[in-house]
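Residues per chain are reported as follows:
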Amino acid sequence: MSDKADDLEQIVELQRLNRLDAVAAELRGTEGFVTMEYTVGELQLMRGAYRHVLAKCDGAVIGYALVMLNECRASFPFLDNMFRDVEAAVFNGMPMRDKAYFVMGQVCVSQAFRGQGVFRKLYETLRMQMRADFDFVVTEVSLRNPRSMRAHLRVGFRGIAEADAEPSEWRVIVWDWR
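Thresholds applied
- Residues numbered from 1 in each chain as written.
- Predicted model: local features only at pLDDT ≥ 70, side-chain atom pairs only at ≥ 80, totals over all residues.
- Heavy atoms only, no water.
- Axes fitted to C-alpha atoms, helices over the stretch in contact; angles between N-to-C directions.
- Helix = DSSP H or I, 4+ residues; strand = E, 2+ residues; numbered from the N terminus.
- Parallel < 35°, antiparallel > 145°, perpendicular 65-115°, else oblique.
- Left-handed = near helix turned anticlockwise from the far one by under 90°.
- Contact = heavy atoms within 4.5 Å.
- Nonpolar A, V, L, I, M, F, W, Y, C, P; charged D, E, K, R; others polar.
- Pairing = 2+ DSSP bridges.
- Phe/Tyr/Trp six-rings, centres within 6.5 Å; stacked < 30°, edge-to-face > 60°.
- Buried < 20%, exposed > 50% of the residue type's maximum accessible area, 1.4 Å probe, protein only.
- Core = buried A, V, L, I, M, F, W, Y, C linked by side-chain atoms within 4.5 Å.

Draft legend 1. Structural detail: the packing of helix α5 (residues 118–130) against helix α6 (residues 146–155). Axis separation between α5 and α6 bottoms out at 10 Å; the angle between their running directions is 50°. Looking at the two axes, α5 sits oblique to α6. Here the hand of the crossing between α5 and α6 comes out right-handed. Counted together, Phe119, Arg120 and Tyr123 of α5 and Ala151, His152, Arg154 and Val155 of α6 form the full contact between these two elements. Split into classes, the residues belonging to the contact of α5 with α6 amount to 4 nonpolar, 1 polar and 2 charged.

So this is what it looks like as C-alpha cells:
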C-alpha cells in the first residue's frame, strides 16, 4: 500500500494500457478492461484517509484496487449514476444506503500477471485494511467484461437487487465481510 506520487502515476499508466478503447475488441471478453482513467489528483481525493491497495513486482505497480469513499461522491459527478444504483440496491432485504460500505473504485492487474492470484491478494489486502470500518465493499461491473465478473464472484462478491431495475450494462455487486 502506498500513496507515493510515482505509484499513483503508475496506476494512471496501467489504466491507460487497459482502458476499453486500448484493448483489442477480440480480447475484451477474455482479458478484461477498465472504463475510467483517473488523474493522480483524483486518485488522492477518492481514497480519503485510506490507501489504495497496490501489487508490485521489482518496484513496479502491477495491480491495484482503488478505494472510493462515499464522501468523495460530489467530486466525481460522472459516477453519480453508480452511486445512485448502489444506494437503491437491496441486499438481504435492506437498502445498501443503510449499510456501512465503501465503493471499490476500480481494480486492475497487468496482463503479464493475470491468473497468478494477484487479483485475489489485492482484495484480501483491501479487506484487511478496510473491514474495521466497513461491513461491505460494493462495485459495479460491466456485463461486457465477463473476466472481471468471474473474478469478482470467485473472490466472494454477489449480485444485489437494484431497486430501479432499469436494464443496464452494469451490475451492482457486493462482498459481505460480516
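Read on, since the account is not over.
Draft legend 2. Representation of the sheet that holds strand β8 (residues 170–176) within the structure. Strand order in the open sheet made by the 6 strands is β1-β2-β5-β6-β8-β7, with mixed pairing throughout. Of all strands in the sheet, those bounded by a partner on one side alone are β1 (53–57) and β7 (158–159). Bridge count between strand β5 (residues 101–109) and strand β6 (residues 136–142): 3 bridges; the pairing is parallel. Residue pairing across strands places Tyr101 opposite Phe136, the latter belonging to β6. Along the sheet, helix α4 (residues 80–88) makes contact with β2 (60–68), β5, β6 and β8, crossing β5 at roughly 125°. α5 contacts β1, β2, β5, β6 and β8 of the sheet and is inclined by roughly 155° relative to β5.

Draft legend 3. Geometry of the packing of aromatic side chains. Per the counting criterion, the structure on display carries 11 aromatic pairs. When the ring of Phe157 is compared with that of Trp175, the centres are 5.9 Å apart and the planes differ by 45°; the resulting orientation is tilted. Here Trp175 lies in strand β8 and Phe157 lies in the loop between α6 and β7, a separation of 18 residues in the sequence. In this structure, Phe157 and Trp175 share a single accessibility class: buried. Among the aromatic residues, those joined into a ring-pair cluster are Tyr50, Phe102, Phe119, Tyr123, Phe134, Phe157, Trp175 and Trp177.

Draft legend 4. Structural context of the nonpolar core. Ranked by internal contacts, the top residues of the largest apolar core, which has 30 residues, are Ile11, Tyr38, Leu43, Met46, Tyr64, Met68 and Met96. When contributions to this core are tallied by element, the ones reaching two or more residues are α1 (5–18), α3 (40–46), β2, α4, β5, β6 and β8. In contact with Leu43, other than residues within four places in its own chain, are Leu8, Ile11, Val12, Gln15, Tyr38, His52 and Leu66. The next biggest cluster of nonpolar side chains, apart from the first, holds 27 residues, and it includes Ile62, Phe119, Leu126 and Trp175.

Draft legend 5. Spotlight on the pairing of β2. The element β2 is largely enclosed, with a buried count of 8 among its 9 residues. Bridge count for β1 against β2 is 5 bridges, and the pairing is antiparallel. Its bridge partner being in β2, Cys57 is matched across the sheet by Ala60. Here β1 hands over to β2 after 2 residues, with Asp58 in that stretch at a positive phi of 50°. By the bridge criterion, 6 bridges tie β2 to β5 in an arrangement that is antiparallel. Bridging from a neighbouring strand, Leu66 pairs with Gln106 of β5.

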